[in-house]
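Read off the chains here:
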Amino acid sequence: METDPAPGFDTLDPRTGEVLAHLPEHGPEDVAAAVARARDAFGPWSALAFDQRMDHVLTVRDLLIDRLDRVVDVICSETGKLEPEALSAEVLATCELIQHYRKHGARALRSEKVPVGSLLPHKRAWRSYEPMGVVGVISPWNYPLTLAMTPVVSALLAGNTVVLKPSEVTPLVGLEIGRLFAEAGAHPGIVQVVTGGGRTGDALVRAGVQKVAFTGSVRTGKLVMAAAAETLTPVLLELGGKDPMIVCDDADIDRAASGAVWGAYMNAGQTCMSVERVYVEDAVYDRFVDLVVERTRAVRQGRGPGHDIGSMSFGPQVDIVERHVADAEAKGAKVLTGGRRVPGRAGLWYEPTVLVDVDHTMDVMRDETFGPVLPIMRVRDDEEAVRLANDSLYGLNSSVWSADDERAEEIARAIEAGNVCINDCMVSYAVAGLPFGGVKQSGIGRIHGVEGLRAFCNTKSVLASRFDLGRELQWFPLPGWVTAALRRIVRLRYRRGLRAKLRP
Ligand code: TXE
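Residues numbered from 1 in each chain as written. Predicted model: local features only at pLDDT ≥ 70, side-chain atom pairs only at ≥ 80, totals over all residues. Heavy atoms only, no water.

## Brief notes about the site of the ligand
Our working definition: Think of it this way: one heavy atom of a residue within 4 Å of a molecule or strand is enough to make that residue near it. For the purposes of these results, a polar contact is taken to be a pair of N or O atoms within 3.5 Å, where, inside protein, one atom must be able to donate a hydrogen and its partner to accept one; residues adjacent in sequence count only when each atom of the pair is a side-chain atom. Per-residue and other accessible areas were derived by the Shrake-Rupley procedure at a 1.4 Å probe size, with only the shown protein chains allowed to occlude residues. Only protein atoms enter the calculation, which uses a 1 Å grid: trapped sets of points that fit a 1.4 Å probe without letting it out are cavities, open sets showing protein on both sides within 12 Å along at least five of seven lines are pockets, and any residue with an atom within 4 Å of a point is a lining residue. In this description, a molecule resides in a pocket or cavity if more than half of its atoms sit within 2 Å of the grid points defining it. Going along the chain from the N terminus, every DSSP run of H or I of four or more residues is numbered as a helix, and every run of E of two or more is numbered as a strand. Under the scheme applied here, ten amino acids are nonpolar (Ala, Val, Leu, Ile, Met, Phe, Trp, Tyr, Cys and Pro), four are charged (Asp, Glu, Lys and Arg), and all others, including Gly, are polar.
Lining the immediate surroundings of the ligand are 28 residues, of which Trp141, Glu168, Ser217, Gln317 and Glu368 lie closest. One of the backbone nitrogen or oxygen atoms of glycine 216 is found 3.3 Å away from a nitrogen atom of the ligand. Within the backbone of leucine 239, a nitrogen or oxygen atom sits 3.0 Å from a nitrogen atom of the ligand. In the complex, 89% of the free accessible area of the ligand, which totals 820 Å², lies under the protein chains. Most atoms of the ligand, that is more than half of them, are within 2 Å of grid points of the largest pocket. For the shell around the ligand, the secondary-structure elements that each account for two or more residues are helix 7 (198–205), strand 8 (211–215), helix 8 (218–229) and helix 11 (315–330). For the shell around the ligand, a count of residues per class yields eleven nonpolar, twelve polar and five charged.

Following this line, the structure appears as structure tokens:
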């Protein structure tokens, strides 16, 4: 008798279309079992001191480094990115975050004294950062190592245990993460990995976890938040971006053009903080466009050493890129170079593309394209550039290019985004002490820095007595003089100026 094959899905090599593996689609029961195991592990793990947790994370990092070749190979074969991209934005970024928390993490989680003010001078107060419990991490495919490891490691160091659901596009990287933690030994069960698509992710959100850390699209982020709202489960959402780059008329155009080309095409443009649209002031527009086109044509796309970018990672994403470019052309945009899939090549290869004569009626200027496309728009001045930059539902990353620091900083203040780089782009992510996250529909909450650890904590406020008064003044029975005393306190404490304080 034939039995139905277990429900599952294939993961592919986007460079060739070859099937890499068939994996199980975990359902609600599997997810619940993983959460239960993580809950069992929570007690002993949360009881450890920060340094003990860090020791374990360092063992995992050691293993990752020992297995670098294998890990990089899995990343490249599931995403189509090149080794330097996997080593820098995935491995280095992960190792550096751990390094940052090794140095600064304990301080971020230490209890802090809070001034009690003059109403309760006999008390002392502090806040402490307590682990929450089990954290559900749902990660995307564009940086499958670092965008999973960042919330996983942060949640662990804060004392939580984790169930990770990697993207169904890159599950092998997720399983590799699970293997690293399992083989690091000593603390079994602190990281569980479940595989599957949206159904598995949804089951994790509804599995009674204490926090969900989600990285992905705005559309799915809203579904996650709606599902989490049913149990008031807190969410950290790292969503998409439509990151603007503003090039002022006094900018170093040579540098800005190279920055734009790297910022738009690195990782085949599949970075939530990549340069997604450029506003260039009139006086320098022509030169900027010429340089960008020249350097775009020089970008080497292919497999292996001697190339700058690899393939795209996900078939439906290439469809989005094609749709955006077609929509822009239909509305009057011009393709100066690229604008099509690489002819005659199997797999997900799209040419680096420069678009001009674009405007905000076009999808390519409004929705996340998430591919190697660089639309450039001419603007009059700083004011118009900022207005257009802010004409967006997104607010993740951005950049300003100007030789005048004051001017650049003023624009940086005016841009509605969680992150701004001045005379550079994207690299702020490499500073693990800088909180990273979005405003508007780019997300809620922050990873990295102090915020990134405290995101996985409940803040507990504690009040204790410095000395015992025996009876507190506000306790029953209220003394007869209390009303007059309270009036006096209000006047004396909050009126401004000595004369006013003494006025009845
Ligand atoms: O993301 P999804 P996709 C953007 C980019 C891209 C778009 C779609 O614009 O075109 O997102 O990419 C899981 N409940 N970014 O389809 O659907 C899913 O299995 C719970 C931005 O890959 O958001 C995966 O693990 N989870 C980005 C994760 O959510 C659900 C990175 C992300 O998938 C779910 C990648 C549900 N109902 C794409 N449905 C960034 N911010 O960096 C799906 N998932």
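Let us keep going from here.
## Quick look at the pattern of salt bridges
The line we're drawing: Put simply, a salt bridge is a Lys or Arg side-chain nitrogen that is within 4 Å of an Asp or Glu carboxyl oxygen. The cut-offs for exposure are 20% and 50% of the maximum accessible area for each residue type, with area from a 1.4 Å probe on protein chains only; residues under the lower value are buried, those over the upper are exposed, and the others partly exposed.
Enumeration over the complete set of coordinates arrives at 30 salt bridges. With a shortest N-O distance of 2.9 Å, glutamate 176 and arginine 179 are connected by a salt bridge. Of this pair, glutamate 176 and arginine 179 both sit in helix 6 (residues 171–183), three residues apart, which is roughly one turn of that helix. Residue glutamate 176 is classed as buried on the basis of its relative accessible area of 3%. Here arginine 179 falls in the partly exposed class, since its relative accessible area comes to 33%. Residue lysine 334 pairs with aspartate 357 through a salt bridge whose shortest N-O separation is 2.9 Å. Pair noted here: lysine 334 is in strand 12 (residues 334–337) and aspartate 357 is in the loop between strand 13 (353–356) and helix 12 (363–366), with a separation of 23 residues, a long-range link. Taken together, the salt bridges that share partners define one network made up of Asp249, Asp250, Glu281, Asp382 and Arg407.

## Some words on the packing of helix 3 (residues 68–79) against helix 4 (residues 83–109)
Definition in use: Orientation is described by axes fitted as lines to C-alpha atoms, over the contacting stretch for helices, and by angles from 0 to 180 degrees between their N-to-C directions. For classification purposes, an angle smaller than 35 degrees is called roughly parallel, one larger than 145 roughly antiparallel, one from 65 to 115 roughly perpendicular, and anything else oblique. Whether two residues touch is decided by their heavy atoms; if any such pair falls within 4.5 Å, the residues are in contact.
Closest axis-to-axis distance for the helix 3/helix 4 pair is 9 Å, and the angle between their directions is 105 degrees. Taken as axis vectors, helix 3 and helix 4 run roughly perpendicular relative to one another. Only Glu83, Ala86, Leu87, Glu90 and Val91 of helix 4 make contact with helix 3, whose side of the interface consists of Leu68, Val72, Ile75 and Cys76. Its residues assigned to classes, the contact of helix 3 with helix 4 shows seven nonpolar, no polar and two charged.

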